[in-house]
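In case you want the letters, here they are:
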Amino acid sequence: MTRFFRLAEHQTNWKTEVLAGTTTFLTMAYVLLVNPYLLGKEAGMDFGAVFVATALASALGTLIMGLFANYPIALAPGMGLTAYFTYSVVLGMGIPWQTALGAVFISGVVFLILTATRLREQIINAIPIGLKHAVSAGIGLFICFIGLKNAEIVVANKETFVSLNPNLNKPEELLTLFGLVFTLLLMIRKVKGAVFLGMLGTAALGMATGVVDIPSRIFAMPPSMAPTWMKMDVMAALDMGFFAIVFAFLFVDLFDTAGTLVAVANQAGLMKNNRLPRAGKALAADSVATIAGASMGTSTVTSYIESSAGVASGGRTGLTAVTAGVLFLLSVFCFPLIEAFASVAAITSPALIIVGALMASSLKQIDWQDLSEAVPTFLTVVMMPLSFSIATGIAIGFILYPLVKVFAGKWRAVHPILYILAVIFTLRFAFLGGI
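Everything in this summary refers to the structure shown in the same document. A quick note: this is a predicted structure, and the numbers were derived from the prediction, not measured.

Here is what the cut-offs are and how they apply
- Residues numbered from 1 in each chain as written.
- Predicted model: local features only at pLDDT ≥ 70, side-chain atom pairs only at ≥ 80, totals over all residues.
- Heavy atoms only, no water.
- Axes fitted to C-alpha atoms, helices over the stretch in contact; angles between N-to-C directions.
- Helix = DSSP H or I, 4+ residues; strand = E, 2+ residues; numbered from the N terminus.
- Parallel < 35°, antiparallel > 145°, perpendicular 65-115°, else oblique.
- Left-handed = near helix turned anticlockwise from the far one by under 90°.
- Contact = heavy atoms within 4.5 Å.
- Nonpolar A, V, L, I, M, F, W, Y, C, P; charged D, E, K, R; others polar.
- Buried < 20%, exposed > 50% of the residue type's maximum accessible area, 1.4 Å probe, protein only.
- Core = buried A, V, L, I, M, F, W, Y, C linked by side-chain atoms within 4.5 Å.
- Polar contact = N/O pair within 3.5 Å; in protein donor to acceptor, adjacent residues only side chain to side chain.

1. Digging into the packing of helix H9 (residues 194-209) against helix H16 (residues 345-359)
- Here H9 crosses H16 at 155°, and the two axes come no closer than 9 Å. The angle between the axes of H9 and H16 places the two elements in the roughly antiparallel class. Our pair here, H9 against H16, has a crossing hand that is right-handed. Two secondary-structure elements touch here, H9 through Val195, Met199, Thr202 and Ala203 and H16 through Ala346, Ile347, Thr348, Ala351 and Ile354.
- When grouped by side-chain class, the residues that make up the contact of H9 with H16 number seven nonpolar, two polar and no charged.

Listed below in C-alpha coordinates is the structure:
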(Lines give C-alpha, C1' and ligand atoms only; values in the text may rest on other atoms or scores of the structure.)
Protein backbone atom coordinates (compact mmCIF):
# COMPACT_ATOMS: atom_id res chain seq x y z
CA MET A 1 0.00 0.00 0.00
CA THR A 2 2.81 2.40 0.86
CA ARG A 3 4.51 1.69 -2.45
CA PHE A 4 1.31 1.69 -4.57
CA PHE A 5 0.12 5.11 -3.35
CA ARG A 6 3.70 6.45 -2.97
CA LEU A 7 3.01 7.56 0.58
CA ALA A 8 6.65 8.19 1.47
CA GLU A 9 7.17 10.30 -1.64
CA HIS A 10 4.26 12.51 -0.61
CA GLN A 11 5.44 12.60 3.02
CA THR A 12 2.31 11.03 4.47
CA ASN A 13 1.18 7.75 6.04
CA TRP A 14 -1.87 5.51 5.93
CA LYS A 15 -3.37 6.83 9.18
CA THR A 16 -3.30 10.41 7.92
CA GLU A 17 -4.76 9.36 4.56
CA VAL A 18 -7.61 7.37 6.12
CA LEU A 19 -8.48 10.28 8.43
CA ALA A 20 -8.40 12.65 5.45
CA GLY A 21 -10.65 10.36 3.41
CA THR A 22 -13.14 10.14 6.27
CA THR A 23 -13.12 13.93 6.54
CA THR A 24 -13.79 14.29 2.82
CA PHE A 25 -16.67 11.82 2.99
CA LEU A 26 -18.32 13.58 5.94
CA THR A 27 -17.91 16.94 4.21
CA MET A 28 -19.78 15.81 1.09
CA ALA A 29 -22.09 13.14 2.54
CA TYR A 30 -24.99 15.58 2.23
CA VAL A 31 -25.19 14.53 -1.44
CA LEU A 32 -26.60 11.18 -0.28
CA LEU A 33 -29.68 13.02 1.03
CA VAL A 34 -30.00 15.92 -1.40
CA ASN A 35 -29.46 14.07 -4.69
CA PRO A 36 -32.18 11.42 -4.11
CA TYR A 37 -34.49 14.17 -2.88
CA LEU A 38 -34.08 16.21 -6.08
CA LEU A 39 -34.17 13.30 -8.52
CA GLY A 40 -36.57 11.10 -6.59
CA LYS A 41 -39.05 13.36 -4.83
CA GLU A 42 -38.94 16.17 -7.41
CA ALA A 43 -38.11 14.61 -10.80
CA GLY A 44 -40.30 11.54 -10.28
CA MET A 45 -37.60 8.87 -10.27
CA ASP A 46 -37.60 6.00 -7.79
CA PHE A 47 -36.12 7.39 -4.56
CA GLY A 48 -34.47 4.17 -3.36
CA ALA A 49 -32.94 3.37 -6.74
CA VAL A 50 -31.55 6.91 -7.06
CA PHE A 51 -30.04 6.69 -3.57
CA VAL A 52 -28.18 3.49 -4.43
CA ALA A 53 -27.14 4.88 -7.82
CA THR A 54 -25.82 8.03 -6.10
CA ALA A 55 -23.77 6.05 -3.59
CA LEU A 56 -22.40 3.57 -6.14
CA ALA A 57 -21.60 6.18 -8.82
CA SER A 58 -19.83 8.29 -6.18
CA ALA A 59 -17.91 5.26 -4.94
CA LEU A 60 -16.93 4.21 -8.47
CA GLY A 61 -15.68 7.63 -9.54
CA THR A 62 -13.84 8.19 -6.27
CA LEU A 63 -12.18 4.77 -6.35
CA ILE A 64 -11.06 5.30 -9.95
CA MET A 65 -9.65 8.69 -8.97
CA GLY A 66 -7.74 7.13 -6.08
CA LEU A 67 -6.53 3.89 -7.68
CA PHE A 68 -5.98 5.09 -11.25
CA ALA A 69 -4.96 8.76 -10.90
CA ASN A 70 -3.67 8.64 -7.28
CA TYR A 71 -5.29 11.94 -6.32
CA PRO A 72 -7.02 12.74 -2.98
CA ILE A 73 -10.18 13.87 -4.76
CA ALA A 74 -13.69 12.47 -4.29
CA LEU A 75 -16.53 12.50 -6.81
CA ALA A 76 -20.32 12.55 -6.62
CA PRO A 77 -23.29 13.83 -8.64
CA GLY A 78 -22.92 17.60 -8.93
CA MET A 79 -25.64 19.59 -7.20
CA GLY A 80 -25.84 22.22 -9.93
CA LEU A 81 -26.23 19.62 -12.65
CA THR A 82 -28.76 17.66 -10.59
CA ALA A 83 -30.79 20.84 -10.13
CA TYR A 84 -30.58 21.50 -13.87
CA PHE A 85 -31.61 17.91 -14.60
CA THR A 86 -34.60 18.18 -12.28
CA TYR A 87 -35.97 21.69 -12.58
CA SER A 88 -34.90 22.80 -16.07
CA VAL A 89 -35.01 19.61 -18.10
CA VAL A 90 -37.58 17.31 -16.46
CA LEU A 91 -39.96 19.75 -14.76
CA GLY A 92 -39.27 22.85 -16.87
CA MET A 93 -39.26 21.29 -20.35
CA GLY A 94 -41.42 18.29 -19.58
CA ILE A 95 -38.76 15.89 -20.86
CA PRO A 96 -38.94 12.33 -19.45
CA TRP A 97 -36.23 11.57 -16.95
CA GLN A 98 -35.18 8.62 -19.11
CA THR A 99 -34.33 11.01 -21.95
CA ALA A 100 -32.53 13.33 -19.52
CA LEU A 101 -30.43 10.38 -18.36
CA GLY A 102 -29.67 9.68 -22.03
CA ALA A 103 -28.36 13.23 -22.37
CA VAL A 104 -26.15 12.72 -19.30
CA PHE A 105 -24.85 9.46 -20.80
CA ILE A 106 -24.01 11.18 -24.12
CA SER A 107 -22.25 14.04 -22.34
CA GLY A 108 -20.15 11.50 -20.42
CA VAL A 109 -19.15 9.72 -23.63
CA VAL A 110 -18.24 13.04 -25.30
CA PHE A 111 -16.28 14.04 -22.19
CA LEU A 112 -14.35 10.77 -22.36
CA ILE A 113 -13.55 11.34 -26.06
CA LEU A 114 -12.42 14.91 -25.37
CA THR A 115 -10.25 13.65 -22.52
CA ALA A 116 -8.52 11.22 -24.86
CA THR A 117 -7.72 13.99 -27.34
CA ARG A 118 -6.31 17.51 -27.23
CA LEU A 119 -9.74 18.96 -28.00
CA ARG A 120 -10.43 19.16 -24.28
CA GLU A 121 -7.56 21.61 -23.76
CA GLN A 122 -8.57 23.66 -26.80
CA ILE A 123 -12.15 24.02 -25.59
CA ILE A 124 -11.06 24.94 -22.06
CA ASN A 125 -8.68 27.56 -23.44
CA ALA A 126 -11.35 28.91 -25.81
CA ILE A 127 -13.84 29.86 -23.09
CA PRO A 128 -13.10 33.24 -21.44
CA ILE A 129 -12.30 33.09 -17.75
CA GLY A 130 -15.16 35.49 -16.99
CA LEU A 131 -17.77 33.19 -18.53
CA LYS A 132 -16.36 30.22 -16.64
CA HIS A 133 -16.77 32.01 -13.32
CA ALA A 134 -20.17 33.38 -14.35
CA VAL A 135 -21.52 29.87 -14.98
CA SER A 136 -20.35 28.69 -11.56
CA ALA A 137 -21.81 31.71 -9.77
CA GLY A 138 -25.07 31.53 -11.72
CA ILE A 139 -25.54 27.89 -10.80
CA GLY A 140 -24.93 28.89 -7.19
CA LEU A 141 -27.76 31.44 -7.31
CA PHE A 142 -29.97 28.87 -9.03
CA ILE A 143 -29.34 26.25 -6.33
CA CYS A 144 -29.85 28.79 -3.54
CA PHE A 145 -33.18 29.85 -5.06
CA ILE A 146 -34.30 26.22 -5.23
CA GLY A 147 -33.42 25.73 -1.57
CA LEU A 148 -35.37 28.85 -0.58
CA LYS A 149 -38.34 27.77 -2.71
CA ASN A 150 -38.43 24.18 -1.46
CA ALA A 151 -38.34 25.38 2.14
CA GLU A 152 -41.10 27.91 1.32
CA ILE A 153 -39.00 30.78 2.62
CA VAL A 154 -39.78 32.48 -0.70
CA VAL A 155 -43.18 31.88 -2.30
CA ALA A 156 -45.06 32.82 -5.46
CA ASN A 157 -46.67 36.24 -5.54
CA LYS A 158 -49.09 37.52 -8.22
CA GLU A 159 -47.88 41.11 -8.01
CA THR A 160 -44.12 40.60 -7.62
CA PHE A 161 -43.69 37.03 -8.99
CA VAL A 162 -41.85 35.98 -5.80
CA SER A 163 -41.75 37.32 -2.25
CA LEU A 164 -40.73 36.39 1.26
CA ASN A 165 -43.21 34.02 2.89
CA PRO A 166 -45.36 36.21 5.20
CA ASN A 167 -45.98 33.20 7.46
CA LEU A 168 -42.54 32.06 8.59
CA ASN A 169 -43.85 30.91 11.96
CA LYS A 170 -44.73 27.37 10.93
CA PRO A 171 -42.65 24.56 12.48
CA GLU A 172 -41.21 23.48 9.10
CA GLU A 173 -40.03 26.99 8.17
CA LEU A 174 -38.62 27.60 11.64
CA LEU A 175 -36.72 24.30 11.45
CA THR A 176 -35.26 25.36 8.09
CA LEU A 177 -34.08 28.67 9.54
CA PHE A 178 -32.53 26.83 12.48
CA GLY A 179 -30.73 24.45 10.10
CA LEU A 180 -29.40 27.36 8.05
CA VAL A 181 -28.09 29.29 11.06
CA PHE A 182 -26.73 26.17 12.79
CA THR A 183 -24.86 25.06 9.67
CA LEU A 184 -23.44 28.55 9.13
CA LEU A 185 -22.16 28.64 12.70
CA LEU A 186 -20.42 25.29 12.18
CA MET A 187 -18.86 26.56 8.96
CA ILE A 188 -17.72 29.81 10.56
CA ARG A 189 -16.07 27.75 13.30
CA LYS A 190 -14.45 25.67 10.51
CA VAL A 191 -15.96 22.40 11.74
CA LYS A 192 -15.15 19.59 9.31
CA GLY A 193 -18.24 18.19 7.63
CA ALA A 194 -20.27 21.25 8.70
CA VAL A 195 -22.97 20.83 6.04
CA PHE A 196 -23.54 17.16 6.85
CA LEU A 197 -23.43 17.75 10.60
CA GLY A 198 -25.81 20.67 10.17
CA MET A 199 -28.30 18.34 8.48
CA LEU A 200 -27.97 15.81 11.30
CA GLY A 201 -28.43 18.53 13.92
CA THR A 202 -31.52 19.83 12.13
CA ALA A 203 -32.90 16.29 11.90
CA ALA A 204 -32.27 15.73 15.61
CA LEU A 205 -34.15 18.91 16.55
CA GLY A 206 -36.92 18.00 14.12
CA MET A 207 -37.37 14.58 15.74
CA ALA A 208 -37.28 16.09 19.23
CA THR A 209 -40.03 18.56 18.34
CA GLY A 210 -42.16 16.13 16.34
CA VAL A 211 -41.61 17.86 12.98
CA VAL A 212 -39.55 14.93 11.65
CA ASP A 213 -40.60 11.30 12.04
CA ILE A 214 -38.15 9.10 13.94
CA PRO A 215 -36.75 6.35 11.66
CA SER A 216 -37.76 2.85 12.71
CA ARG A 217 -34.22 1.64 11.98
CA ILE A 218 -30.89 2.94 10.71
CA PHE A 219 -29.44 0.05 8.70
CA ALA A 220 -31.03 -2.26 6.12
CA MET A 221 -30.21 -4.00 2.87
CA PRO A 222 -30.10 -1.46 0.02
CA PRO A 223 -33.18 -1.11 -2.21
CA SER A 224 -33.19 -2.39 -5.80
CA MET A 225 -31.85 -0.27 -8.66
CA ALA A 226 -34.19 -2.01 -11.13
CA PRO A 227 -36.50 1.05 -11.55
CA THR A 228 -33.61 3.15 -12.95
CA TRP A 229 -31.00 0.59 -14.06
CA MET A 230 -30.23 1.05 -17.81
CA LYS A 231 -33.39 3.12 -18.26
CA MET A 232 -31.65 6.02 -20.05
CA ASP A 233 -33.07 6.77 -23.51
CA VAL A 234 -29.99 7.60 -25.55
CA MET A 235 -31.74 7.60 -28.94
CA ALA A 236 -34.29 10.20 -27.83
CA ALA A 237 -31.49 12.36 -26.40
CA LEU A 238 -29.67 12.32 -29.77
CA ASP A 239 -32.40 14.53 -31.24
CA MET A 240 -30.95 17.87 -32.38
CA GLY A 241 -33.42 19.67 -30.18
CA PHE A 242 -31.55 18.35 -27.16
CA PHE A 243 -28.20 19.85 -28.22
CA ALA A 244 -28.41 22.60 -25.60
CA ILE A 245 -29.22 20.08 -22.87
CA VAL A 246 -26.28 17.81 -23.69
CA PHE A 247 -24.01 20.84 -24.07
CA ALA A 248 -25.03 22.22 -20.68
CA PHE A 249 -24.25 18.91 -18.96
CA LEU A 250 -20.92 18.67 -20.80
CA PHE A 251 -19.89 22.29 -20.38
CA VAL A 252 -20.56 22.56 -16.66
CA ASP A 253 -18.93 19.21 -15.93
CA LEU A 254 -15.88 20.04 -18.06
CA PHE A 255 -15.05 23.31 -16.32
CA ASP A 256 -16.24 22.32 -12.87
CA THR A 257 -13.98 19.28 -13.00
CA ALA A 258 -10.98 21.15 -14.40
CA GLY A 259 -11.32 23.93 -11.83
CA THR A 260 -11.70 21.52 -8.92
CA LEU A 261 -8.74 19.40 -9.99
CA VAL A 262 -6.43 22.41 -10.29
CA ALA A 263 -7.64 23.98 -7.02
CA VAL A 264 -7.32 20.84 -4.90
CA ALA A 265 -4.05 19.70 -6.51
CA ASN A 266 -2.56 23.14 -5.96
CA GLN A 267 -3.64 23.08 -2.31
CA ALA A 268 -2.01 19.67 -1.88
CA GLY A 269 1.21 20.82 -3.58
CA LEU A 270 0.79 18.31 -6.40
CA MET A 271 1.19 20.75 -9.32
CA LYS A 272 4.41 20.38 -11.31
CA ASN A 273 5.59 23.45 -13.26
CA ASN A 274 2.04 24.82 -13.12
CA ARG A 275 0.75 21.63 -14.76
CA LEU A 276 -1.33 18.82 -13.35
CA PRO A 277 0.39 15.41 -13.67
CA ARG A 278 -1.89 12.55 -14.74
CA ALA A 279 -4.61 15.07 -15.66
CA GLY A 280 -5.99 12.71 -18.30
CA LYS A 281 -6.45 9.93 -15.77
CA ALA A 282 -8.17 12.28 -13.33
CA LEU A 283 -10.57 13.56 -15.98
CA ALA A 284 -11.25 9.99 -17.12
CA ALA A 285 -12.56 9.25 -13.61
CA ASP A 286 -15.26 11.90 -14.03
CA SER A 287 -16.32 10.79 -17.49
CA VAL A 288 -16.41 7.06 -16.66
CA ALA A 289 -18.36 7.74 -13.45
CA THR A 290 -20.83 9.92 -15.37
CA ILE A 291 -21.41 7.19 -17.96
CA ALA A 292 -21.85 4.59 -15.23
CA GLY A 293 -24.01 6.92 -13.15
CA ALA A 294 -26.40 7.56 -16.04
CA SER A 295 -26.62 3.80 -16.59
CA MET A 296 -27.48 3.26 -12.92
CA GLY A 297 -29.86 6.20 -12.62
CA THR A 298 -28.25 9.44 -11.46
CA SER A 299 -27.13 12.76 -12.90
CA THR A 300 -23.64 13.90 -13.91
CA VAL A 301 -20.82 12.84 -11.58
CA THR A 302 -18.08 15.41 -11.04
CA SER A 303 -15.12 16.16 -8.79
CA TYR A 304 -16.07 17.85 -5.52
CA ILE A 305 -14.33 20.93 -4.19
CA GLU A 306 -15.15 19.55 -0.71
CA SER A 307 -12.14 17.30 -1.29
CA SER A 308 -10.10 20.28 -0.10
CA ALA A 309 -11.28 19.45 3.44
CA GLY A 310 -9.48 16.11 3.23
CA VAL A 311 -6.38 17.77 1.82
CA ALA A 312 -6.46 20.25 4.71
CA SER A 313 -6.45 17.20 7.02
CA GLY A 314 -3.25 15.91 5.42
CA GLY A 315 -4.53 13.87 2.46
CA ARG A 316 -2.03 13.78 -0.39
CA THR A 317 -2.59 10.53 -2.29
CA GLY A 318 -5.24 8.30 -3.78
CA LEU A 319 -5.60 6.46 -0.46
CA THR A 320 -7.64 9.45 0.74
CA ALA A 321 -10.00 8.98 -2.20
CA VAL A 322 -10.14 5.20 -1.75
CA THR A 323 -11.18 5.69 1.89
CA ALA A 324 -13.98 8.05 0.86
CA GLY A 325 -15.00 5.64 -1.90
CA VAL A 326 -15.29 2.72 0.52
CA LEU A 327 -17.42 4.83 2.85
CA PHE A 328 -19.73 5.67 -0.07
CA LEU A 329 -20.07 1.93 -0.71
CA LEU A 330 -20.93 1.23 2.91
CA SER A 331 -23.48 4.05 2.96
CA VAL A 332 -25.92 2.02 0.82
CA PHE A 333 -26.88 0.16 4.00
CA CYS A 334 -28.11 3.40 5.63
CA PHE A 335 -31.16 3.75 3.39
CA PRO A 336 -33.80 3.90 6.20
CA LEU A 337 -32.06 6.94 7.68
CA ILE A 338 -31.72 8.67 4.30
CA GLU A 339 -35.34 7.93 3.37
CA ALA A 340 -36.65 9.46 6.59
CA PHE A 341 -34.56 12.63 6.39
CA ALA A 342 -34.39 13.38 2.65
CA SER A 343 -38.14 13.87 2.36
CA VAL A 344 -38.02 16.80 4.79
CA ALA A 345 -37.25 20.06 2.96
CA ALA A 346 -36.17 21.67 6.24
CA ILE A 347 -33.22 19.25 6.37
CA THR A 348 -32.12 19.40 2.71
CA SER A 349 -32.84 23.06 1.88
CA PRO A 350 -30.17 24.65 4.12
CA ALA A 351 -27.56 22.53 2.35
CA LEU A 352 -28.73 23.82 -1.06
CA ILE A 353 -28.71 27.43 0.14
CA ILE A 354 -25.21 27.20 1.60
CA VAL A 355 -23.71 25.28 -1.33
CA GLY A 356 -25.21 27.93 -3.61
CA ALA A 357 -23.62 30.69 -1.57
CA LEU A 358 -20.21 28.99 -1.78
CA MET A 359 -20.48 28.67 -5.56
CA ALA A 360 -21.42 32.35 -5.90
CA SER A 361 -17.97 33.27 -4.58
CA SER A 362 -16.80 33.04 -8.21
CA LEU A 363 -18.31 36.50 -8.75
CA LYS A 364 -15.18 38.07 -7.29
CA GLN A 365 -13.11 36.66 -10.19
CA ILE A 366 -15.05 38.63 -12.83
CA ASP A 367 -13.60 41.88 -14.22
CA TRP A 368 -16.44 44.28 -13.39
CA GLN A 369 -14.51 47.32 -14.67
CA ASP A 370 -14.62 46.13 -18.29
CA LEU A 371 -18.20 46.41 -19.58
CA SER A 372 -17.49 44.00 -22.43
CA GLU A 373 -16.78 41.43 -19.72
CA ALA A 374 -19.20 42.55 -17.02
CA VAL A 375 -22.44 42.72 -19.00
CA PRO A 376 -22.35 39.27 -20.70
CA THR A 377 -21.17 37.57 -17.52
CA PHE A 378 -23.74 39.37 -15.35
CA LEU A 379 -26.58 38.35 -17.66
CA THR A 380 -25.26 34.78 -17.65
CA VAL A 381 -25.42 34.77 -13.86
CA VAL A 382 -28.77 36.48 -13.38
CA MET A 383 -30.66 34.68 -16.16
CA MET A 384 -30.11 31.26 -14.60
CA PRO A 385 -32.37 31.85 -11.57
CA LEU A 386 -34.69 34.29 -13.37
CA SER A 387 -35.34 31.95 -16.30
CA PHE A 388 -35.11 28.93 -13.99
CA SER A 389 -32.70 27.35 -16.49
CA ILE A 390 -28.95 26.87 -16.33
CA ALA A 391 -28.84 26.18 -20.08
CA THR A 392 -30.57 29.47 -20.88
CA GLY A 393 -28.02 31.40 -18.83
CA ILE A 394 -25.15 29.64 -20.57
CA ALA A 395 -26.68 30.25 -24.01
CA ILE A 396 -27.26 33.96 -23.39
CA GLY A 397 -23.70 34.39 -22.18
CA PHE A 398 -22.25 32.57 -25.17
CA ILE A 399 -24.30 34.67 -27.59
CA LEU A 400 -23.70 38.07 -25.99
CA TYR A 401 -20.00 37.70 -25.17
CA PRO A 402 -18.65 37.58 -28.76
CA LEU A 403 -21.27 40.11 -29.90
CA VAL A 404 -20.22 42.67 -27.27
CA LYS A 405 -16.54 42.06 -27.98
CA VAL A 406 -17.12 42.78 -31.68
CA PHE A 407 -18.79 46.11 -30.84
CA ALA A 408 -15.93 46.89 -28.44
CA GLY A 409 -13.41 46.32 -31.22
CA LYS A 410 -11.94 43.32 -29.41
CA TRP A 411 -13.15 40.61 -31.79
CA ARG A 412 -9.64 39.17 -32.17
CA ALA A 413 -9.64 38.34 -28.44
CA VAL A 414 -12.52 35.90 -28.95
CA HIS A 415 -11.64 32.33 -29.91
CA PRO A 416 -13.28 31.06 -33.14
CA ILE A 417 -14.92 28.23 -31.18
CA LEU A 418 -16.92 30.83 -29.25
CA TYR A 419 -18.26 32.38 -32.47
CA ILE A 420 -19.37 28.93 -33.64
CA LEU A 421 -21.16 28.25 -30.35
CA ALA A 422 -22.80 31.68 -30.49
CA VAL A 423 -24.27 30.88 -33.92
CA ILE A 424 -25.46 27.45 -32.77
CA PHE A 425 -27.21 28.86 -29.70
CA THR A 426 -28.77 31.69 -31.75
CA LEU A 427 -30.19 29.15 -34.20
CA ARG A 428 -31.41 27.09 -31.24
CA PHE A 429 -33.41 30.04 -29.93
CA ALA A 430 -34.64 31.06 -33.38
CA PHE A 431 -35.93 27.69 -34.56
CA LEU A 432 -36.55 25.64 -31.43
CA GLY A 433 -37.68 28.27 -28.95
CA GLY A 434 -36.49 28.65 -25.35
CA ILE A 435 -34.06 26.27 -23.72
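2. Considerations on the side chain of Thr348
- You can see Thr348 is positioned in helix H16.
- The exposure class of Thr348 is buried, given its relative accessible area of 0%.
- Among residues more than four places away in sequence, those in contact with Thr348 are Leu33, Val34, Tyr37, Met199 and Ala342.

3. Observations concerning the environment of Leu400
- Within the element layout of this structure, Leu400 appears in helix H18 (residues 390-407).
- Taking the C-alpha atoms as reference, Leu400 lies 9.3 Å from Ser372; in sequence the two are 28 residues apart.
- Not counting residues up to four positions away in its chain, the partners in contact with Leu400 are Pro376 and Leu379.

4. Thoughts on the nonpolar core
- Of all hydrophobic cores here, the largest spans 124 residues; its most connected members are Met65, Phe85, Phe251, Ile394 and Phe398.
- Discounting residues that sit within four places of it in the chain, Met65 has contacts with Asn70, Tyr71, Ile73, Leu75, Leu261, Ala282, Ala285, Asp286 and Ser303.
- Of all hydrophobic cores here, the second largest spans five residues; its members include Phe5, Leu7, Leu63 and Val322.

5. A word on the environment of Ile218
- Looking at the element boundaries, Ile218 is found in the loop between H9 and helix H10 (234-237).
- Classification of Ile218 as partly exposed rests on a relative accessible area of 43%.
- Look past the residues within four positions of Ile218 in its chain and what remains in contact with it is Phe333, Cys334, Phe335, Pro336 and Leu337.

6. Quick notes on the side chain of Glu373
- Note on placement: Glu373 falls in helix H17 (residues 371-387).
- When its relative accessible area of 13% is taken as the criterion, Glu373 is described as buried.
- A distance of 3.1 Å separates polar atoms of two side chains, one belonging to Glu373 and the other to Lys405.
- Setting aside residues no more than four positions away along its own chain, Glu373 makes contact with Gly130, Asp367, Tyr401 and Lys405.

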